[in-house]
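An overview of the molecular structure
Chain by chain, the residues run as shown.
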Amino acid sequence: MRTLSARVGLALVAVTLVLAVVGPWVWGEEAVRFDPLHTLEGHSSAHWLGTDDGGRDMLARTLAATRLSVWLAFLATLIGACLGVTLGALPSVLGPRGARAVTAVINGLVAIPVLLLAMFAALVAGTGTTGAVVGIGVASAPGLARLTRTLAAGVEGADYVLAARMLGTGRLRVLTRHVLPNIAEPLILSVTASLGYALLGLATLSLLGLGVRPPEYDWGRLLHDALPRVYVDPEVIAGPALAVAVAGIGFTLVGESLARAAARAPVPPGDGEEADVPLGRSPRPGPSGALLEVRDLTVSFGGVTPVRGVSFGVAPGEVVGIVGESGSGKSLTALAVGGLVPYPGRVRGSVLLEGRPLLSLSRSELGTRLAMVFQDPMAALNPALRVGPQLAETGTVHLGLTRRSALARAVARLERTGVPGARARAHPHELSGGMRQRAVIAMGLMGDPRLIVADEPTTALDATVQRRVLDLLAEINAASGTAALLISHDIAVVSSRCSRVLVMYAGRIVEELPSDALRSARHPYTRALVASVPTLDTDRAEPLATIPGAQPAPSDVPAGCAFAPRCARATSLCTTALPAFESGVACHHPHEERPRAGEEEW
Amino acid sequence: MSRGRRAGRFVLSLGGVVVASFAMLHLIPGDPVRAALGPTAPREAVERRRAELGLDRPLLDQFLAYVGGVFRGDLGESFLSRRPAAEIVADRLPATVQLVVATMLLALAVAVPLGMWVAARTENGRGRRTDLAFTTTTGALSVIPEFLLAVGMVAVLGVTLGWLPVAGKDGAASFVMPVLALAAGPTALLARLVRVETLRELGSDYVRLARAKRLPTHRVYFRHLLPNTLTATLTTGGLLLCSLLGGSVVIEYVFQWPGLGGATVDAIVNKDYALAQAAVLVYGTVSLTVLLAVDVALGLLDPRSALRSRG
Ligand code: SF4
């Protein structure tokens, strides 16, 4: 209830309610005082908003009508709530077939225009005040019924309800004991919200002449009577119109805020001051003539910094792996390399592709020299477009090809990645997971890229498909000299395919080493990672070594070494001073280098 | 949903509408003919009228006769004017359809680009001011009832400024105020929906990949994103179109538009039950047809839902 709209709504509702209480007392007499000498007048000092056909003051009538208008809306809401909740709860009591039938009826009723339903219900109930109230009540029932049904269906899947059913509790008892109490709050809030709609609906019916009849009067009736006069004295309509607007909008705003409060979304992170993070020194420059060179890359979101001073290089034709648990910043590093960090992320440091800053490259240069492959191939292909044209657009947009030759190139690239060319006419959902990922890779190959950034390219696929997709990447690398940056949480994937591995932990690179030297890693974290992977000669009977504890969240990375809380070798130095990255490792107390175990293959 | 089930449900719902329109007359407490003719009408007149309408026959006979009439396009005779109800409907319906279709086209034409534009401006919480302006404006428009907008426009644009005709249907200018008043709310709701849908799709991988391919922005939005937001837009659009039928009744009343809504209000006020029955039938059929059309369109547009229906 802190938003502006909620506050405005509350103020309007408060005014309305006060008027509803005091209105008839203060203005009630004046509102019905006949004055045959001053009928049908416009604005005057005695009657600001003019008079009606009985010479009665329009302003007084408007204010005095508040009580009846609000009261009728309240009654209609009550009727709607009783009908709606009963109808919506009915499927919970009936068997499955009955439940389905009632649900279908509810869904059908919801589609009927509310006002029409109200009109015809009013016709049956007899026009006049009763008819209007019943009509609006009936008309608001389907919406509430559907809400009740949705909420109840949600609760009915809950464990405790299933447990109660299992114990033989009857449906009715489950409904009253378990379901209704649990959905009461959102239901009550929604019923409150529908008060506003009831008020407006009643005003509409009365305006049409289907509601309140003289001598009684509500706002809608005042509008009905004043409408023909609007051509002469537009001000006579201002009172009731304004009153309906104030009350209707007030109730609706409050109702919406209540509904939002019932389903409170998590508060987005505020833009707090950016924490001043010391950048890790990375003295090691990338290989000269590097294809990709990343220096002191830092990515921050508000006060949170998931990537902290990352530096590395990729030589032409080299395959480099980045390994780390989720939350280590490896995926954001990949996005930063692609220049795709979403707002409000801030990227500092530099990313050079072929020696030129990423930002200085044109769209077409970037679109053709750099290819990206993401984790989920289903999500990465546009479900609404056929595969071929999706690939071909790189050709028409960046390479200046005609549609036809772009499509031919797309088919060629698909076949190159092992997708039958005929599948170019398929929609993404008609391909298997492995095929889709091949298509994504083929899409990247449309422009003869120098570097493929692949972020968890096989995680969403099953084991055999995984291997084939990795084989494909290796084959492309071997055949075209395309460099690759392969990002994965799976150290076995990375070590088998990459010449060099970067190990990330809590936003930093903690070790960089040739993949055949992983067994003799020096950083305690790398060692632990390696130990947690089963090898051919691991005794399957023994549990795998797991690393106790958890990686710190990007928002609370400690001052010293981030691994210290989980590290067996940690000393007091580790918790206070950040270990510098020197000769391939960032650790105060690295392991001794072991002789390489080159023959080990996993 | 398979084609057969969709057709079955449509026919079933139509049956529901026919039954409801028939039942309406019989649910009215007391004697509808007495109510229509007034308490002063002589007894014989009421009896004669009852016999004429067949109300003295068994219920099942009446129902079968009614259904037969509906199939022959005979919707009974107005109690009041004694004209065939079908003729009145045929006279009045086109004006209502014109009003509603014009409104829907306007709402779509404004809401879709607007929603996408605002989504692009406010992606990931940027553009706070655009966000606030959009949320406030659409919020206000969606809670102000159409009849207040209509009355306000008549008072200001029509009477005080004299820019536009205040009533009746006579040329393009007469469409302006009714269409604007009717379109404001649906446009606001639709624009909000399009924005939410666009924002969701903007976060998806295929948009990321499209951006990684460095496609021009317009291509990302119109070729990649738009088709994927259509499903939700059309579904809601269909429901809004149905609710426009309701809203049109008030708008027709305020602007004295010669449509079916005005005739329906008159029928209800005057207890002209036969005409009211015809109105229920027509409005119900039109709503159902709109929903079916949206369903079919979705099936044609979205390859996934087509697959689902086959599987
Ligand atoms: S710096 Fe200290 S805590 Fe960090 S890994 Fe090395 S030994 Fe462990």
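Throughout this description, residue numbers start from 1 for each chain and increase along the sequence as written. Each chain takes a letter, starting from A, and each ligand takes a number, starting from 1, following the order in which they are written. Side-chain atom pairs in this predicted model are given and counted only at pLDDT of 80 or more, local residue features only at pLDDT of at least 70, and totals for whole chains, interfaces and linings cover all residues. For the side-chain quantities, the full set of heavy atoms in the structure was used; hydrogens and water were omitted.

Moving on: the overall build of chain B. Where helices and strands are cited, they refer to DSSP runs of H or I of at least four residues and of E of at least two residues respectively, numbered from the N terminus. In terms of helices and strands, chain B carries 13 helices and 0 strands. When the elements of chain B are put in sequence order from the N terminus, they spell out α-α-α-α-α-α-α-α-α-α-α-α-α. Burial classes: relative accessible area under 20% of the type maximum marks a residue as buried, over 50% as exposed, and values in between as partly exposed (1.4 Å probe, protein chains only). When burial is assessed residue by residue, chain B has 46% of its 311 residues classed as buried. By definition in these notes, contact holds between two residues if any of their heavy atoms fall within 4.5 Å. For chain B, long-range pairs separated by at least 24 residues make up 71% of all intrachain contacts whose partners lie at least 6 apart in sequence. Computed by Shrake-Rupley with a 1.4 Å probe, the accessible areas treat only the displayed protein chains as cover when residues are assessed. A total accessible area of about 14400 Å² is found for chain B, and carbon and sulfur atoms account for 65% of it.

All names here are of chain A. An order of E2-E1-E4-E5 is seen for the 4 strands of this open sheet, with the pairing classed as antiparallel. With partners counted over all chains shown, the strands left at the sheet margins are strand E2 (304-314) and strand E5 (356-357), one partner each. Strands are treated as partners if at least two bridges between them are detected by DSSP. The pairing of strand E1 (residues 292-301) with strand E4 (residues 346-353) spans 7 bridges and is antiparallel. Bridge pairing in E4 places Thr298 opposite Arg348. In the packing of helix H11 (residues 330-337) onto the sheet, the strands contacted are E1, E2 and E4, and the crossing angle to E1 comes to about 115 degrees. Helix axes use the C-alpha atoms of the stretch in contact, all axes being lines fitted to C-alpha atoms, and the angles between their N-to-C directions lie in the range 0 to 180 degrees.

Attention shifts here to helix H11 (residues 260-269) of chain B. In an α-helix, one turn spans 3.6 residues, which is why side chains three or four residues apart end up on the same side. All names here are of chain B. Burial runs high along H11: 8 of the 10 residues are buried. Within H11, burial applies to Leu260, Gly261, Gly262, Ala263, Thr264, Val265, Ala267 and Ile268. One or two steps after H11, the chain reaches Lys271, where phi turns positive at roughly 55 degrees.

The next point concerns the nonpolar core. By nonpolar core is meant a set of buried Ala, Val, Leu, Ile, Met, Phe, Trp, Tyr and Cys residues that side-chain atoms within 4.5 Å join together. If you look at the biggest cluster of nonpolar residues, it comprises 111 residues, and the most contacted ones within it are Met119 of chain A together with Val254 of chain B. Of all the elements, helix H12 (residues 273-301) of chain B adds the most residues to this core, at 11 residues. In this structure Met119 of chain A touches Leu205, Leu208 and Leu210 of chain A together with Val249, Thr264, Val265 and Ile268 of chain B, once residues within four positions along its chain are discounted. Counting residues in each nonpolar core, the second largest holds 98 residues, with Leu361, Leu366, Ala371 and Ala410 of chain A among its members.

All right, on to the site of the ligand then. The ligand sits among 13 residues. The nearest are Cys561, Cys567, Cys574, Cys587 and His588 of chain A. Considered class by class, the residues forming the shell around the ligand number 9 nonpolar, 3 polar and 1 charged. One heavy atom suffices: a residue is near a molecule or strand as soon as one of its heavy atoms comes within 4 Å of it. Each residue is assigned to one class: nonpolar for Ala, Val, Leu, Ile, Met, Phe, Trp, Tyr, Cys and Pro, charged for Asp, Glu, Lys and Arg, and polar for all the others, Gly among them.

Before going further, it helps to examine the interface of chain A and chain B. Contacts between the two partners involve 60 residues from chain A and, on the opposite side, 62 residues from chain B. Between chain A and chain B, a total of about 5500 Å² is buried, with carbon and sulfur atoms accounting for 72% of that surface. What makes a salt bridge here is a side-chain nitrogen of Lys or Arg within 4 Å of a carboxyl oxygen of Asp or Glu, nothing more. Between chain A and chain B we count 1 salt bridge in total. Glu393 of chain A is the salt-bridge partner of Arg219 of chain B, the closest N and O atoms lying 2.7 Å from each other. Any pair of N or O atoms that falls within 3.5 Å is considered a polar contact. Within protein, one atom must be able to donate a hydrogen and the other to accept it, and sequence-neighbouring residues count only if both atoms are side-chain atoms. The interface formed by chain A and chain B includes 4 residue pairs in polar contact (both at pLDDT 80 or more). In the side of chain A that touches chain B, the residues fall into 42 nonpolar, 14 polar and 4 charged. Take the accessible area each of two parts loses on contact, using a 1.4 Å probe, and add the two losses: that sum is the buried area.

The predicted coordinates of low-pLDDT regions are not to be read in fine detail. All names here are of chain B. Within a predicted model, pLDDT stands for the predictor's per-residue confidence, ranging from 0 to 100. Overall, the predicted model of chain B reaches an average pLDDT of 78, with 91% of residues at or above 70. The weakest mean pLDDT in chain B belongs to helix H13 (residues 303-310) at 47; the strongest belongs to helix H5 (residues 85-122) at 85. Note that residues 306-311 has pLDDT below 50 and, in this model, 4 contacts with residues that lie over four places away or in other chains. The complex prediction reports pTM at 0.68, with the ipTM value standing at 0.78.

Glancing now at a nonpolar patch on the surface. Residues and elements named next belong to chain B. Patches in this entry comprise residues that are over 30% relatively accessible and not in a salt bridge; like charges within 9 Å are linked, as are nonpolar side chains (Val, Leu, Ile, Met, Phe, Trp, Tyr) within 5 Å. Taken together, Leu106, Val110, Leu114, Trp117, Val176 and Leu180 make up a surface patch of nonpolar side chains, about 470 Å² in accessible area. For the nonpolar patch, the secondary-structure elements that each account for two or more residues are H5 and helix H8 (173-202). With 4 residues, the single largest contributor to the nonpolar patch is H5. Position of Val176 among the secondary structure elements: in helix H8. On the basis of relative accessibility, which here comes to 34%, the residue Val176 falls in the partly exposed class.

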